[in-house]
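# Results of the structural survey
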Amino acid sequence: MADSHHSTAFPASEYYPDRGPAKYFHGRRRVLNDFSNLLQYASNKSWGTTFLVQGAPGVGKSALLHECGKYARTQEWKVVKVGVESLWKPYKLLDSLGLTDKYKLSGKSMQFGLKNLFRRGYKSTRPEPTVESILKDGQQPLLLILDEAQALGDKDVPPSQHKATAIHVL
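I will try to describe carefully the structure that is included in this document. Numbers given to residues run from 1 along each chain, matching the order in which its sequence is written. The predicted nature of this model means local features are confined to residues of pLDDT at least 70 and side-chain atom pairs, given and counted, to a pLDDT of 80 or more, with totals for whole chains, interfaces and linings taken over all residues. To obtain the side-chain values, all non-hydrogen atoms of the structure were included, while hydrogens and water were left out.

## With respect to the overall build of the protein
Helix and strand assignments follow DSSP, with helices taken as H or I runs no shorter than four residues and strands as E runs no shorter than two, numbered in order from the N terminus. Helix and strand counts for the protein come out as 7 helices and 4 strands. Element order for the protein, N to C, with α for helix and β for strand: α-α-α-β-α-β-α-β-α-β-α. A burial count over the protein gives 21% of its 170 residues as buried. Only heavy atoms matter for contacts: two residues are in contact if any of them lie within 4.5 Å across the pair. Nonlocal contacts in the protein, meaning residues at least 24 apart in sequence, comprise 65% of its contacts between residues at least 6 apart. Accessible surface is estimated by sampling points in the Shrake-Rupley manner with a 1.4 Å probe; for residues, cover comes only from the protein chains shown. Surface summary for the protein: the accessible area is close to 13000 Å², and the carbon and sulfur share equals 53%. A simple rule labels every residue: compare its accessible area, found with a 1.4 Å probe on the protein chains alone, to the largest value its type can have, and call it buried under 20%, exposed over 50%, or partly exposed in between.

Below, the structure written as structure tokens:
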């Protein structure tokens, strides 16, 4: 009997995973208003900020993040989902932003016109990008959505050599 009740209450055609947008999103107007104010604040400043959504499992945090992303897009923000490694690994961030090709380093180096002065060429390659330089490079306001941020509390996440970078980015 319990099985038939369960299948009636939750038919397979109406099952929704526990993460992502909700079919019917309602409530959270105060939180969305706070988020809207934060977007306005961040747009008026030359630095970023962090907006933390926390709550018990299943209360709709991921759905709320989806709604925040939708709202930010209406305000002409670029919205990108990232993983925790994007906070300290530049190429993870570039991949999330769809900018991997923009920062690709070729095997060739650039030669400057100094060879007549020194009788040899001076070679220079573009410096490796950092997470901070990538985030500062864009012209459009950017919202990074990091769902499941509790992974940052796992052992060695971020690795000790990248902890300061992750903290600075956040």
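## Side note on the packing of aromatic side chains
Put simply, two rings from Phe, Tyr or Trp (the six-membered ring, in Trp's case) pair if the centres are within 6.5 Å, and we call them stacked under 30 degrees between planes, edge-to-face over 60, tilted for the rest. The tally for this structure, following the rule as stated, stands at 1 aromatic pair. Aromatic side chains F35 and F51 sit 5.4 Å apart centroid to centroid with 70 degrees between the ring planes, which places their arrangement in the edge-to-face category. One end of the pair, F35, is in helix α2 (residues 29-44); the other, F51, is in the loop between α2 and α3 (61-74), and 16 residues separate them in sequence. The exposure class assigned to F35 is buried, which follows from its relative accessible area of 4%.

## Describing the pattern of salt bridges
Here a salt bridge means any side-chain nitrogen of Lys or Arg lying within 4 Å of a carboxyl oxygen belonging to Asp or Glu. All chains considered together, the criterion is met by 5 salt bridges. Taking the shortest distance from any N to any O, the salt bridge between D34 and R30 comes out at 3.9 Å. Highlighted residues: D34 and R30, both in helix α2, separated by 4 residues, approximately one helical turn. Under the relative-accessibility criterion, D34 is labelled partly exposed at 35%. Residues E85 and K92 are paired through a salt bridge, measuring 3.4 Å at the closest nitrogen-oxygen approach.

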